[in-house]
Amino acid sequence: MTETLPAPWQRAATGANLLASDGTLGVTIFEEMTTLAVRTGAINLGQGFPDEDGPAEIKAAAQAAIAQGSNQYAPGKGIPELRQAIAGHQQRFYGLAPDPDTEIIVTTGATEAIAASLMALVGPGDEVLTFEPFYDSYGAIIGLSGATHVTAPLLAPDFMPDLTALEDAFSSRTKAVLINNPHNPTGAVFPAEVLQRVVDLARQHGALIITDEVYEHLTFGVRHIPVATLPGAAERTVTISSAGKTFSFTGWKVGWLSVPEHLVSAIRTVKQFLTYSSGTPFQSAIATGLGLPDSFYEDIAVTLGKKRDILSGGLRAAGLDVFTPRGTYFVNVDTSPLGISDSVELARRLPALVGVAAIPVPVFCHPEGAERTRSLLRFAFCKKTEVLEEAAARLATLRDRL
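A brief look at the structure comes next. Computed from a prediction, not measured in an experiment: that's the story for all the values here.

The rules behind each value
- Residues numbered from 1 in each chain as written.
- Predicted model: local features only at pLDDT ≥ 70, side-chain atom pairs only at ≥ 80, totals over all residues.
- Heavy atoms only, no water.
- Salt bridge = Lys/Arg side-chain N within 4 Å of Asp/Glu carboxyl O.
- Helix = DSSP H or I, 4+ residues; strand = E, 2+ residues; numbered from the N terminus.
- Buried < 20%, exposed > 50% of the residue type's maximum accessible area, 1.4 Å probe, protein only.
- Core = buried A, V, L, I, M, F, W, Y, C linked by side-chain atoms within 4.5 Å.
- Contact = heavy atoms within 4.5 Å.
- Expected span 1.5 Å × (residues − 1).
- Pairing = 2+ DSSP bridges.
- Polar contact = N/O pair within 3.5 Å; in protein donor to acceptor, adjacent residues only side chain to side chain.

Once that is clear, we can look at the pattern of salt bridges. Taken as a whole and judged by the stated rule, the model has 14 salt bridges. The partner of Arg83 in a salt bridge is Asp101, and the shortest N-O contact between them spans 3.4 Å. Taken together, the residues span a long stretch of sequence, with Arg83 in helix α4 (residues 80-94) and Asp101 in the loop between α4 and β2 (104-107) at a distance of 18 residues. Classification of Arg83 as buried rests on a relative accessible area of 4%. A salt bridge links Glu390 to Arg394; the nearest nitrogen and oxygen atoms lie 2.9 Å apart.

Nonpolar side chains tend to gather and get buried jointly when the protein is soluble and globular. Core analysis: the largest hydrophobic core is formed by 92 residues, its most contacted members being Leu82, Leu118, Phe247, Ile286, Leu290, Leu315 and Phe379. The leading source of residues in this core is helix α5 (residues 109-121), at seven residues. Filtering out sequence-adjacent residues up to four positions away, Phe247 remains in contact with Gly54, Pro55, Ile58, Ile286, Gly289, Leu290, Leu292, Phe296 and Tyr297.

We now examine helix α8 (residues 192-205). With 14 residues, α8 should reach 20 Å at 1.5 Å per residue; the first-to-last C-alpha distance of 20 Å fits that figure. Turning to α8, its buried residues number three or more, namely Val194, Leu195, Gln196, Val198, Val199, Leu201 and Ala202. Tucked inside the fold, the buried residues of α8 contact β3 (127-132), β5 (160-161), α7 (163-169), β6 (174-180) and β7 (208-212). Note on α8: the residue one or two positions beyond its end, Gly206, has a positive phi of about 65°.

Before going further, it helps to spend a moment on the pairing of strand β9 (residues 255-258). Taking every second residue as pointing to the same face, both faces of β9 are buried, with Gly255 and Leu257 on one and Trp256 and Ser258 on the other. Bridging between strand β8 (residues 237-242) and β9 involves four bridges; their strand directions are antiparallel. Bridge pairing links Ile240 to Leu257 in β9.

Tracing the backbone shows Glu132 in strand β3. When neighbours within four sequence positions are excluded, Glu132 is seen to be in contact with Thr151, Ala152, Pro153, Leu154, Phe364, Cys365, His366, Gly369 and Arg372.

A separate point is the sheet that holds β8. An order of β2-β9-β8-β7-β6-β3-β4-β5 is seen for the eight strands of this open sheet, with the pairing classed as mixed. The open sheet is flanked by β2 and β5, the only strands paired with a single partner. As paired strands, β6 and β7 are joined by five bridges and run parallel to one another. By the bridge assignment, Val177 is partnered in β7 with Ile209.

In this section: the sheet that holds strand β13 (residues 359-360). Each strand in a sheet pairs with another by means of backbone hydrogen bonds, the pair being arranged parallel or else antiparallel. Strand order across the open sheet formed by four strands is β10-β11-β14-β13, with antiparallel pairing between neighbours. This sheet does not close on itself; its edge strands, each paired only once, are β10 (321-323) and β13. Note: β13 against strand β14 (residues 376-380), two bridges, orientation antiparallel. Bridged to Pro360 within β14 is Leu377.

As for its position among the elements, Asp99 is in the loop between α4 and β2. Along the sequence, Asp99 and Ala87 sit 12 residues apart, while their C-alpha atoms lie 6.8 Å from each other. For Asp99, the side chain forms a polar contact with the main-chain nitrogen of Asp101, separated by 2.8 Å.

With respect to the helices and strands, Asp168 occurs in helix α7. As a C-alpha pair, Asp168 and Ala152 span 16 residues in sequence and 8.5 Å in three-dimensional space.

What follows is the structure in structure tokens.
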């Protein structure tokens, strides 16, 4: 009898932990927690989106672009103004000098950039290595590509990798390493020595490096280091970022990648048959955003750090063990000090229990990793200060409500 191979959608669903062993398709944990939050009137600190808009001058630039007629297809690789602004941003902050004409592609968010890169460069028989926990779309796209998803664990409390385990995760079949730094969901920011070890191992095994750096400006007291700046990395690294997290315009879905010229054709070939192009007036507006002064970038990190501390205070008052993040807008906690060993079950109770929704970390893991993180919860603090103050007050009552 011929074995029936999984359909592409089944591979994607399995990779994102949405397909049960009996073939039943579930909803994403984000949808489930958002539905619970709406039903109970809870404050939704699950899905990571801001509840207020970004800079007024960026909105005004989008409105002006629409009024001036920038409403038709953009070039497939993005409007020149934005590609030049991306190149300028990379030079200004990191000393990188990608060619805006031959080494930069504008995408529909970082998600499309990751999808186009993986689908262009890996396939059946290949392995793609990520850290674990991992953002769920990584597993979905790796599954869709037909490659095998291999992970190396990030370990609490600082969520740094065990470098021996990282080395063991590489093999002769490792075709690409996908690194999210700063890291969602853990909030880790990897130092140069960790990133350099990844680069050295990738070179040793002939692997490409794909970096998701969407939280690059959201760090607290530490400096973000793009992998492409490290020795031996530039010629094998696809650097990806987006406007959504930096500027709080997540709905605009403007992302980009910079990549060595010899890889551009492969990625563009796939990208042009996903969306071809999108968001013409938004591309122009984000070019304006990338030119904002250094003080803007400094202020967003300082403001976000204060919000982190507000929420963390409420979580500590609840008796939870708080793992203070060095970047992103997520904070993770260990629920085991309260005698809880199943964060998925707690997450489903939390909206009704205290009026706050969160995301259980095990959903970002394969089975072994889910067991390792089974008591961890992730909360988002990219909300208005008054919302976080109310959420912190509610969370502080958790111990008494269990």
